[in-house]
Amino acid sequence: MVRRRGYGGIVLSLLAIALTGCSEQVEADSGRKPAPRTYTVQQLASVIGCTAKITVKALDYRQGECTSDGIAYVFLDFDTAEGQREWLDYAEMYGGVYLAGDRWVLSAKSKSFMQELSKKLGGTVEDHGFGGSTGSPSPSTPSPHSH
């Protein structure tokens with residue numbers, strides 16, 4: 001009987017895992033944000049439908065750029081969450097709107113556009129307004145700093 005309970009427990013665990021997978025699919029189909037995922041510059045660009053050209057390779061992050069459907073994108077991936085937070089904090093003085101996920105950041109067209117992208121990629125939209133004297137950065141503006 002002990003073996004039978006053990007086997008039943010395994011079956012129940014597998015059933016719970018299967019049901020969890022189904023509920024995650026239902027959540028994805030219902031328009032909820034995807035589960036957090038760490039993307040590289042190339043993976044972000046691929047989801048958008050373009051091929052990023054790496055424009056900055058720093059010690060703890062990379063930056064790439066591409067254009068798709070007439071929209072210019074800037075993508076960044078970071079080695080650490082701390083490095084990403086530092087970059088975003090520094091970017092505040094430049095202003096701008098960023099879609100930030102798990103060790104990645106994307107900059108593009110507008111806040112509403114970024115909110116739409118967040119449904120596809122996950123992440124949260126950070127609106128830094130217009131800080132500093134440089135005005136609003138365009139996607140071709142170099143990153144705020146390099147280490």
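Definitions and limits used
Residues numbered from 1 in each chain as written. Predicted model: local features only at pLDDT ≥ 70, side-chain atom pairs only at ≥ 80, totals over all residues. Heavy atoms only, no water. Helix = DSSP H or I, 4+ residues; strand = E, 2+ residues; numbered from the N terminus. Buried < 20%, exposed > 50% of the residue type's maximum accessible area, 1.4 Å probe, protein only. Contact = heavy atoms within 4.5 Å. pLDDT = per-residue confidence, 0-100. Pairing = 2+ DSSP bridges. Axes fitted to C-alpha atoms, helices over the stretch in contact; angles between N-to-C directions. Phe/Tyr/Trp six-rings, centres within 6.5 Å; stacked < 30°, edge-to-face > 60°.

J.: Tell me about the overall build of the protein chain, and name the residues and values.
T.: Regarding its fold elements, the protein chain presents four helices and six strands. Helices and strands appear in the protein chain in the N-to-C order α-α-β-β-β-α-β-β-α-β. For the protein chain, the residues scored as buried account for 34% of the 147 residues in total. Pairs at least 24 apart in sequence give 54% of the contacts found in the protein chain among residues at least 6 apart.

J.: Describe the confidence of the model for the protein chain, naming the residues involved and giving the relevant values.
T.: Here the protein chain averages 74 in pLDDT, while 63% of its residues score no lower than 70. Low pLDDT, under 50, characterises residues 1–30; the stretch is placed with one contact to residues that sit more than four places away or in other chains. This model gives residues 131–143 a pLDDT under 50, and the stretch forms 27 contacts once residues within four places in sequence are excluded.

J.: Could you give an account of the sheet that holds strand E6 (residues 124–127), naming the residues involved and the relevant values?
T.: Pairing is antiparallel in the open sheet, where six strands are placed in the order E1-E2-E3-E5-E4-E6. The open sheet terminates on both sides in strands that have one partner only, identified here as strand E1 (53–57) and E6. Neighbour to neighbour, the strand axes of the sheet diverge by 25° on average, direction disregarded. Bridge count between strand E2 (residues 61–68) and strand E3 (residues 71–78): eight bridges; the pairing is antiparallel. In the strand pairing of E3, Arg62 is matched with Asp77. Strands E1, E2, E3 and strand E5 (104–107) of the sheet are contacted by helix H2 (residues 41–48), whose axis makes an angle of about 150° with E3.

J.: Any details on the packing of aromatic side chains? Residues and values, ideally.
T.: For the structure shown, the criterion picks out seven aromatic pairs. Through a chain of ring-to-ring contacts, three or more aromatic side chains come together here, namely Tyr61, Phe78, Trp87 and Tyr98.

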